[in-house]
Amino acid sequence: MVDASALNRAGFVLPVVAARWALWMFVLANVVVVETLFLADGTGKNGTLTVAKFFGLHAALLLLFQLLLVARVPWLDRRIGMDRLTVWHRWVGFTLLWTVLTHAVLVVLGYARLDDASMTKTFLALAGVTASLLGMLAAAALVVVAVVSTRFLRRRLRYETWHGLHLLVYLALGLAFVHQLLETTTFKSSGFAELYWWTLWLLAFGGLVVGRIVMPVWRNAYHRFQVAAVVPESDDVVSVHVTGRHLDRLPARAGQFFIWRFPGHHHWWLANPFSLSAAPGGQSLRLTAKAVGDTSAGLRHVPVGTRVFMEGPYGAFTSLHRTRPGALLIAGGVGITPVRALLEEESAGDVVVLYRVRTENDAVLVDEVRELVAARGGRLHLLTGRTGEGAQPFEPDGLRALVPDITERDVYVCGPPAMTSAVLKSLRVLNVPGRQVHAEKFSLA
Ligand SMILES: Cc1cc2nc3c(=O)[nH]c(=O)nc-3n(C[C@H](O)[C@H](O)[C@H](O)COP(=O)(O)OP(=O)(O)OC[C@H]3O[C@@H](n4cnc5c(N)ncnc54)[C@H](O)[C@@H]3O)c2cc1C
């Protein structure tokens, strides 16, 4: 996977730590500026409206931070990983919602006190003012997004339905921007405030448009990806080989994933994340998918020559994070895909692979894995059985028996969420340092 010089040695700042610090510093610096602007602007028409303004300014900041988390900035994504960034996006999202609602309630309360009117009458009067109305609509859109993102509804909605509703966040964003622009107490409070907010909004919008639209469109126009072969690996697993122009210039690494669309074959709005199941060597790319729902099952029937639209590469499950010369790669089921790619990148031996499957027949790509392990002088353990039945290889004792020097290795884990969580728990019990543990959960939301 790596030569020794590429390892992150003890004492050096790890890429993930550097990226977290960069993010925290960015947030902190902006919080300081916003606090300063708030204090410099003086109090509002009454105490309640002053506090309302405080919440409003922080809501704007949170909204812009949300954009940064989902802008798919490659530097952040490779270091922190889209899965972790998405979890932060979720928490920032709920914090944003409460901040916006507090701001809205305090504005109505503040004006009700000022005018000595009821809350309902004040609310209706504010709805007649363009700036406030836009703010109310933005808040309503955020409420819808938050409600469909609760675990209860998220589990019950089809991914595409949930994602479609989630796009309302962009409507909220546009409305919030104009709302803030029209509010004289923020944008227009001073020349510096105006410059600061314009810069921040332009950076956030620019980052989002470049990361989510310009880069993918440019990359697809440049590489012109298309299906080169479709190879069934088992009854329910299929590999799709993709070629394109100048693939050697695609900055992808083993262990990463793309979000794939097959517009001529599936509906254009269906996009699914699949890891590369072979190291990207500059000639072709390969995904290997298990049939779970309609899209993954339909990949078996995609004709050769179909144009492919891909977003990526994404993900931090790569050798960028290696700290030790020895590696332990643990895969469960179709979680073998990025593990197989990482193994191909391994240039020296000292690699152990644990591949957990129900039966030997379920072990897709196992011949390739066996060959790669043998070529590197490593060890492969094919572990058959079901979770909860018979020997449990991922209990701490089982792992220690299979890999006695486990604490001396980097450990890469990819498999079903329950298996991955069980392995991560055992690694903690075995005191494997956190910096050596790398997981891909095949789940973004
Ligand atoms: C980073 C990552 C890498 C993955 N790599 C592989 C791989 O190499 N091989 C493999 O077989 N599977 C992989 N998966 C899982 C794969 O994405 C889903 O099994 C697939 O998208 C199911 O789609 P479907 O439409 O066939 O099924 P559906 O029944 O429509 O979806 C099943 C579930 O898959 C998830 N899903 C569907 N679409 C998306 C999407 N666009 N983004 C995020 N989640 C989605 C949702 O949780 C959904 O509920 C990966 C997932 C992630 C997040």
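Analysis parameters
Residues numbered from 1 in each chain as written. Predicted model: local features only at pLDDT ≥ 70, side-chain atom pairs only at ≥ 80, totals over all residues. Heavy atoms only, no water. Helix = DSSP H or I, 4+ residues; strand = E, 2+ residues; numbered from the N terminus. Buried < 20%, exposed > 50% of the residue type's maximum accessible area, 1.4 Å probe, protein only. Areas by Shrake-Rupley, 256 points an atom, 1.4 Å probe, with all protein chains shown as cover. Lys, Arg positive; Asp, Glu negative; His and termini not counted. Charge placed at Lys NZ, Arg CZ, Asp CG, Glu CD. Domains from an automatic or database assignment. Contact = heavy atoms within 4.5 Å. Buried area = accessible area lost by both parts, 1.4 Å probe. Salt bridge = Lys/Arg side-chain N within 4 Å of Asp/Glu carboxyl O. Polar contact = N/O pair within 3.5 Å; in protein donor to acceptor, adjacent residues only side chain to side chain. Phe/Tyr/Trp six-rings, centres within 6.5 Å; stacked < 30°, edge-to-face > 60°. Lys NZ or Arg CZ within 6 Å of the ring centre and 35° of its normal. Near = heavy atom within 4 Å. Pairing = 2+ DSSP bridges. Axes fitted to C-alpha atoms, helices over the stretch in contact; angles between N-to-C directions. Expected span 1.5 Å × (residues − 1). Core = buried A, V, L, I, M, F, W, Y, C linked by side-chain atoms within 4.5 Å.

Regarding its fold elements, the chain presents 15 helices and eleven strands. Over its C-alpha atoms, taken along the principal directions, the chain stretches across nearly 80 × 50 × 45 Å. Relative to its full complement of 445 residues, the chain shows a buried share of 47%. Summed over its atoms, the accessible surface of the chain is roughly 21400 Å², and 63% of this surface lies on carbon and sulfur atoms. Positive and negative side-chain charges of the chain, numbering 43 and 32 respectively, have mean locations separated by a distance of 4 Å.

What follows concerns the domain arrangement of the chain. If you check the domain split of the chain, you get domain 1 (4-219), domain 2 (224-314) and domain 3 (321-440). Here domain 1 and domain 2 have C-alpha centroids that lie 34 Å from each other. Of the residues lining the interface, nine residues belong to domain 1; the matching set on domain 2 comes to 14 residues. Summed over both partners, the interface of domain 1 with domain 2 comes to about 1100 Å²; 55% of that surface belongs to carbon and sulfur atoms. It is Arg72, Arg78 and Arg219 that lose the most area in domain 1 upon contact with domain 2, and together they represent 48% of the buried surface on that side. Where domain 1 packs against domain 2, one counts one salt bridge. Measuring nitrogen to oxygen at the nearest pair gives 2.9 Å for the salt bridge that ties arginine 72 to glutamate 311. At the junction of domain 1 and domain 2, the tally comes to two residue pairs in polar contact (both at pLDDT 80 or more). Counting residues per element, the ones that place at least two in the side of domain 1 that touches domain 2 are α3 (74-80) and α10 (191-223). Examining the composition of the side of domain 1 that touches domain 2, we find that three residues originate from one element, α10, more than from any other.

As enumerated under the stated definition, the model contains 15 aromatic pairs in all. An angle of 90 degrees between the planes, with centres 6.1 Å apart, marks the rings of phenylalanine 177 and phenylalanine 205 as edge-to-face. In this pair, phenylalanine 177 is assigned in helix α9 (residues 168-182) and phenylalanine 205 in helix α10, connecting sequence segments 28 residues apart. Considering the side-chain rings of tyrosine 196 and tryptophan 197, the 5.2 Å spacing of their centres and the 70 degrees angle between planes classify their relative orientation as edge-to-face. Given the relative accessible area of 11%, tyrosine 196 is considered buried. What links up through ring pairs into an aromatic cluster is the set Phe177, Trp198, Trp201 and Phe205. Residue placement shows arginine 154 over the ring face of tryptophan 162; its charged tip is 4.5 Å from the ring centre.

Below, the discussion takes up the site of the ligand. If you check the shell around the ligand, you find 21 residues, and the closest are Ala271, Asn272, Pro273, Lys290 and Ser296. Threonine 295 is positioned such that a nitrogen or oxygen atom in its side chain is 3.1 Å from an oxygen atom of the ligand. At a separation of 2.5 Å, an oxygen atom of the ligand approaches a polar side-chain atom of serine 296. Out of a free accessible area of 880 Å², the ligand has 82% covered by protein chains. Of all the elements in the fold, those that place two or more residues in the shell around the ligand are β4 (272-275), β5 (285-290) and α11 (294-298). The element contributing the most residues to the shell around the ligand is β4, with four residues.

With respect to topology, three strands assemble into an open sheet ordered β4-β3-β6, the strand pairing being antiparallel. The two strands at the open ends of the sheet, each matched to only one other strand, are β4 and β6 (309-314). Neighbour to neighbour, the strand axes of the sheet diverge by 25 degrees on average, direction disregarded.

On to helix α1 (residues 15-40). For α1, built from 26 residues, the straight-helix expectation of 38 Å at 1.5 Å per residue is met to within 8% by its first-to-last C-alpha distance of 37 Å. Contacts made by the buried residues of α1 are with α2 (47-70), α3, α4 (82-115) and α10. Glycine 42 sits one or two residues past α1 and shows a positive phi near 75 degrees.

Attention now moves to the nonpolar core. In terms of nonpolar packing, the biggest core is built from 46 residues, with Leu23, Leu64, Leu96, Leu142, Tyr196, Trp197 and Trp201 touching the most fellow members. Those elements that provide at least two residues to this core are α1, α2, α3, α4, α6 (130-148), α9 and α10. Here the element with the most residues in this core is α2; it accounts for eleven residues. Counting residues in each nonpolar core, the second largest holds 25 residues, with Phe317, Val357, Val369 and Cys414 among its members.

Let us now look at the environment of tryptophan 260. Mapping tryptophan 260 onto the fold places it in strand β3 (residues 257-261). With relative accessibility at 1%, the residue tryptophan 260 sits in the buried group. Separated by 3.1 Å, the side chain of tryptophan 260 and the backbone oxygen of phenylalanine 258 make a polar contact. Here the side chain of tryptophan 260 touches phenylalanine 274 through a polar contact of 2.9 Å, landing on its backbone oxygen.

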